[in-house]
Each structure stands twice: as structure tokens, then as C-alpha cells.
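Listed below, chain by chain, are the residues.
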Amino acid sequence: MAIRQLSEGIANRIAAGEVIERPAAAVKELVENALDAGATRIDVMIGAGGRRLIRVADDGSGMVRDDLVLCVERHATSKLQDEDLLDIRTLGFRGEALPSIGAVSRLTITTRHADEPHAWQLTVDAGLKGEARPAALAAGTRVEIADLFAATPARLKFLKSDRAEAAAVADVVKRLAMAHPTVAFSLADDEGTTRHFPAQAFGEAGLLARIGDVAGRDFAQNALALDVWRGEVRLYGFAGLPTFGKATGASQFLFVNGRPIRDRLVLGAIRGAYGDTMPRDRHPAVSLFLELDPREVDVNVHPAKTEVRFRDPALVRGLIVAAIREAIAAASPTTSSTLGAATVAAFRPAAARAGSYDWRSSPARPFVPGLSDGPQAGFALDLPPAADARAAEAPAAEDDLDRPLGAARAQIHGTYILAQTREGLVIVDQHAAHERLVYERMKRQMDVAGIARQALLIPVVVELDPADASRLVDRADDLARFGLVVEGFGPGAVVVRETPAMLGEVDAEALVRDIAEHLAEWDSAAPLETRLLAVAATMACHGSVRAGRQLRPAEMNALLREMEATPASAQCNHGRPTSVALSLADVERLFGRR
């Protein structure tokens, strides 16, 4: 078959398949054009999820007539003044979006430049370009797309439902709105739903306000501020507390030089930064902005411009990991405010959640002569405290109530420490908390001088599956770094000769069996640091204070103080929270006082 040159119309439709894969992609291109034009307000309207109508209006600089006529031609752009693809400082640069959209829909552009006496309008219908004619518009540009993919009906079959496409459009607008907090945005649909994102002040406060508008107030209330430099690269924004994890990665907003991205390197760095502070099935909530010289990042690697390549990926990854870890360590022992709300909801009976209830209105209310509804100053019970609730008998330090975790008041069920603060109370899981403390001690010792060992008077022989025993022997050097010395003891067995001194009296057989199970799950290609931290986490779990152990008041307060001084102590090694704080207002709501 002979090779032939494709017609311009077919070439534009093929390009549209790469650049405009769905309505959300068209909205993204148009909003980026508005931002490049210096708009301070952008209004987006969609109908039928964007397939029937897309309208984007802005108050940007607009275009003169000649530019309007040229903008719908392929590879025509005003954004590459010197044709240097290594120095891209705008969101758009290819000059493909408008001709691609015009090839598969009815595209109408109305624009007015300050130098023009009136506005101009141009229509492109399925690739057929009309004449520019005078129109009415005060300022800026308005772009309308009608019947997207009408010229390529096959593409319509691959679109999702109107609701799903509308959700994709909303996600695009939200990400661009977060990237540009000083610009006002609105998004409306044909069902009468409108979302407004008012313009915010420049700076950290304005960015946090926009994050609250886009991602929700809970995100803004549980975010840690970041602003660090490494060389010529700046990282700023907000990272959510580890205990504010999400079920999906939808709350991860990433930007490079103002451009929303979904980059594997950055996503992997974020996951690594939260590695031992978040469960594997949870995802951190972040809004992170990278600023660097445009020549240090290539944005021309994907038609949708959502993927990038960094000239020095190791520098970028190290910056992200270090900044997030330092922020988490500095915030310790703070936990997510949503934990307190969830705790209050769990405490409240179902009837109370359904509506308020006043016991005085019940026909079963007991009647006791002389008993009034007011305070009963003379009514008191002189009952001895429970055996595990005598912490208040030991005087706490004067300033303990002012500390983040307060002063210990009781131990409940031999598992939870109840502490009082000036603003409310804190419930601490003693096992989870001590597990994190032991884990952090092991990491510090390993970094400084290695973990001290204690020799067993009688070595412990552990019988295992031959494959598990072989894996343990192969990793003996790694285990020795943590003070656990094991040797082969014939087929299917190992002998434990030394254990970490900080674990005290530990069940060596149970510890070895747990580590053997984890070794079976390890990826042989995983970094050495990851494998070593997994060993440390397992050992810390065995060396921590067990649930059911009674603690003296001094021990409970000592645990609280060490938690306050230990990085990342708000969650255990598995990512579960170590404490839950309830404000006095939360407690009062439980009893109907609020």
C-alpha cells in the first residue's frame, strides 16, 4: 500500500485524540490558556458532563483580530517567543489544543483586546474555519465548545456517564484553582450546581484558605506547613498529618511551576516520606508546590502535560522526603482533629444521634420529693476509686496540664491511659505509643553506635519451615545490626544467641517467627533501608509495653513525656494513632451541655 500524506482535517482529528481525550481535557486546555492570558477571574460552565457544552470565560488580555484568526491553526502559539523548548514558563506551549478541539466539535471564540474598538468572534465547525466577525464582549475571552466529538462519534462511545465526566471536569478545575489561589474560579453545570472559589490573598494564609475551599476544612485544619529550599529548588505547601490519611489518593495535589502534575517520582517520594507513619492501605493528603528553573524540568514528555522529568530527580526526591519527615517530627504528638469527632460520634448513642432527647420529658421520669433540676450541692458519693484509676493520687508536675498530652489521671482496662489537659482530655494507647518509642530508639542507636545486645544464658532453638529458616540465615547480617544474632541449626531450624538489650525479657521464639513471616513478604529488590526498618518495627512491637499491664502513675506520666519528645509519636509503626484528644466542648456535647 502506497504511503500518502494525510489531510489536515484527519491530522487534526488524530491530534485531538491525543490532546482531548475527554471533556475534562478540553476544560484544562482552555483554563490554562486563560491563566496564561493573565486572567483574574475564570468562569466554567458545562452541560451533559461537557459533551454537549463547555464554556470558559475569562477577563484576561484577549486577542486582536489577526491573532484570533491564527490561534486555530495547528502549532500556532504566542508562548514560545524564542522557540526554546527548554525554557517553558507558561502552562500551554504546543499550539495544538484549539485546532484539535475545533476538528471534533463546534468551537466558537469571542475575544476583545484592549487595542481593539470591539470584540471579534470566530467559529470552527468540525474543522471548517469561518470568518472573523465583529461581536459584543466587554473584555477578555469567551470560548464555547458545542457537541464535543460530534465529528468523531466513535469517541463518544468511550466516554463515561455525564456524572463521571462532570466529576473529572470538577477535579481539573479544583487542581488549577489550588495552583492559582489569587485567581477567582467558578464552575457551573446544567443541573444548577455552582461552585465558587473566591480569589485569595497572596501568601501562605491565602493558599491555606484556597486549600480549605477546594479540599475541605478538615484538610486545612490538619495540614503541616512546608517551605524549604535545597539548592535552587523550593518546596512549599501543606502536608496532612499521618493520622489524617485517606482511602484513596484523590487528596494529593502536586504542582511544578504552577502546573498540576501526576508524577511517579513525586508520588513515590511522598509515599516514602510517610512510610512508617501510615498504614499501607491509606494515602496521605498533601498540597505540594515545587518551584525550580524551567530548564531543570522537562514538561514536554506527554500530550496532556501532566508528567514531567527532572534533570536531578534524586535532589527532588530527597527534598520532598526530608521536608515531610521533618514536619511530621515537629508536629508530634499532634493527631488529626477528625479522630476526636469520630470518637464523639462513636460515644453518642444512636437515639441521641438521630435527634436530641430530654430525659425530663419521659413519662418514666422518677419523682422524688425535694429533688429539683438544679445543682445538688449536698449530693455526693464517698466511694473508693477503682483499682486502676488511682493516678490522681500521685501529684503530677505543676505544668503537666499545659503539656500537649497533659497529666495522667487513670489507666483503663490495663490498656489505655486517660490524661487531662487544660482544654480537655487525651486517651493514649499504651502499647501503640511505647511501640513507636522503642522503634525510634532503635533507629537512633543504629545510626550512632549500633544496637546493644544481650547474650542469652541458654540459646533458643526455633524450628521453622526450611524456606523461612534459609531466609533468616541469609539475612543474619542485617538482623545482627539490630542486636538479633541467629545462626543456622540444621535443616528447618535456627538458634538465637543474642537479642537487643533494649527489648529486655523478650520471647525470642515469637520474635523470630514474626520476622520470618515478614521476610517472606519482602521484595528482594526493596532498598536495604526499607528492609532494616521493617525488622526494627517488628522488634519494637515485641519490646513494647503490652496491653493489660498495670502502670504506676509515674510510669504513665513518663510515657506521656517521652511521647512529647519523640518524633512521629502520634502514630505507631503500623500507622495507627497512639492518642485521641477530646476537647472539653466535645465532652460537653456528649452530655447535652452544648
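Residues numbered from 1 in each chain as written. Predicted model: local features only at pLDDT ≥ 70, side-chain atom pairs only at ≥ 80, totals over all residues. Heavy atoms only, no water.

> Got a sec to walk through the packing of aromatic side chains? Specific residues and values, please.
Between two aromatic rings, the relevant description is the distance of the centres plus the angle of the planes. Using the criterion set out here, one finds three aromatic pairs in the structure. Ring geometry for tyrosine 236 versus phenylalanine 289: centroids 5.1 Å apart, planes at 10°, classification stacked. Residue tyrosine 236 is found in strand S11 (residues 233-240), and its partner phenylalanine 289 is found in strand S14 (residues 286-291); the two are separated by 53 residues along the sequence. You'll find tyrosine 236 and phenylalanine 289 in the same group, each marked buried. Three or more aromatic residues joined by ring pairs form one cluster here, namely Tyr236, Phe255 and Phe289. The ring of tryptophan 120 carries arginine 65 above its face, with NZ or CZ at 5.4 Å from the centroid. A cation over an aromatic ring shows up here: arginine 234 above the ring of tyrosine 236, its NZ or CZ 4.1 Å from the ring centre. (Phe/Tyr/Trp six-rings, centres within 6.5 Å; stacked < 30°, edge-to-face > 60°. Helix = DSSP H or I, 4+ residues; strand = E, 2+ residues; numbered from the N terminus. Buried < 20%, exposed > 50% of the residue type's maximum accessible area, 1.4 Å probe, protein only. Lys NZ or Arg CZ within 6 Å of the ring centre and 35° of its normal.)

> Lay out the sheet that holds strand S23 (residues 579-583) with the relevant residues and their values.
Taking strand neighbours across the sheet as the criterion, the four strands line up as S17-S18-S19-S23 in an open arrangement whose pairing is antiparallel. In the strand order of this sheet, the two ends are held by strand S17 (407-412) and S23, each with one partner. Taken pair by pair, the neighbouring strands of this sheet meet at an average axis angle of 20°, ignoring direction. Lying over the sheet, helix H18 (residues 553-565) contacts S17, strand S18 (416-420) and strand S19 (424-429), oriented at roughly 120° with respect to S17. (Pairing = 2+ DSSP bridges. Axes fitted to C-alpha atoms, helices over the stretch in contact; angles between N-to-C directions. Contact = heavy atoms within 4.5 Å.)

> How would you sum up helix H2 (residues 23-36)? Please name residues and give values.
Taking 1.5 Å per residue as the helical rise, H2 with its 14 residues ought to reach 20 Å, and the 20 Å between its terminal C-alpha atoms agrees with that figure. Counting buried residues along H2, twelve of its 14 residues qualify, which places the element largely inside the surrounding structure. Taken residue by residue, H2 has Pro23, Ala24, Ala25, Ala26, Val27, Lys28, Glu29, Leu30, Val31, Glu32, Ala34 and Leu35 as its buried positions. Phi turns positive one or two residues past the end of H2, at glycine 38, with a value near 80°. (Expected span 1.5 Å × (residues − 1).)

> Help me get a handle on the packing of H2 against helix H6 (residues 162-179), residues and values and all.
Where H2 contacts H6, the two axes come as close as 8 Å, and the packing angle between them is 25°. Classed by the angle they form, the pair H2 and H6 counts as roughly parallel. Note that H2 runs across H6; the crossing there is right-handed. Taking contact as the criterion, the partners of Pro23, Ala24, Val27, Lys28, Val31, Glu32 and Leu35 in H2 are, on H6, Glu165, Ala168, Val169, Val172, Val173 and Leu176. By residue class, the composition of the contact of H2 with H6 is ten nonpolar, no polar and three charged. (Parallel < 35°, antiparallel > 145°, perpendicular 65-115°, else oblique. Left-handed = near helix turned anticlockwise from the far one by under 90°. Nonpolar A, V, L, I, M, F, W, Y, C, P; charged D, E, K, R; others polar.)

> For the sheet that holds strand S22 (residues 493-500), give the residues involved together with the corresponding values.
Spatial ordering of the open sheet is given by S20-S22-S21, a layout of three strands whose pairing is antiparallel. At either end of the open sheet lies a strand with only one pairing partner, and these are strand S20 (453-463) and strand S21 (485-488). For this sheet, the mean inter-axis angle between neighbouring strands, taken without regard to orientation, is 20°. Pairing analysis gives seven bridges linking S20 to S22, with the strands arranged antiparallel. Within S22, the residue paired with valine 461 across the bridge is valine 495. Strand contacts of helix H14 (residues 466-474): S21 and S22, with the helix running at about 40° to S22, the strand carrying the most contacts.

> So what about unusual backbone geometry? Which residues, and what values?
For residues that are not glycine, phi is negative in most cases, and the peptide bond is trans in most cases. The step from serine 332 to proline 333 runs through a cis peptide bond, and the omega angle for that step is 5°. Its location among the elements puts proline 333 in the loop between helix H10 (313-331) and helix H11 (337-347). In this structure, histidine 413 takes a positive phi of about 55° despite not being glycine. When its relative accessible area of 67% is taken as the criterion, histidine 413 is described as exposed. Although it is not a glycine, alanine 568 sits at a positive phi angle of roughly 60°.

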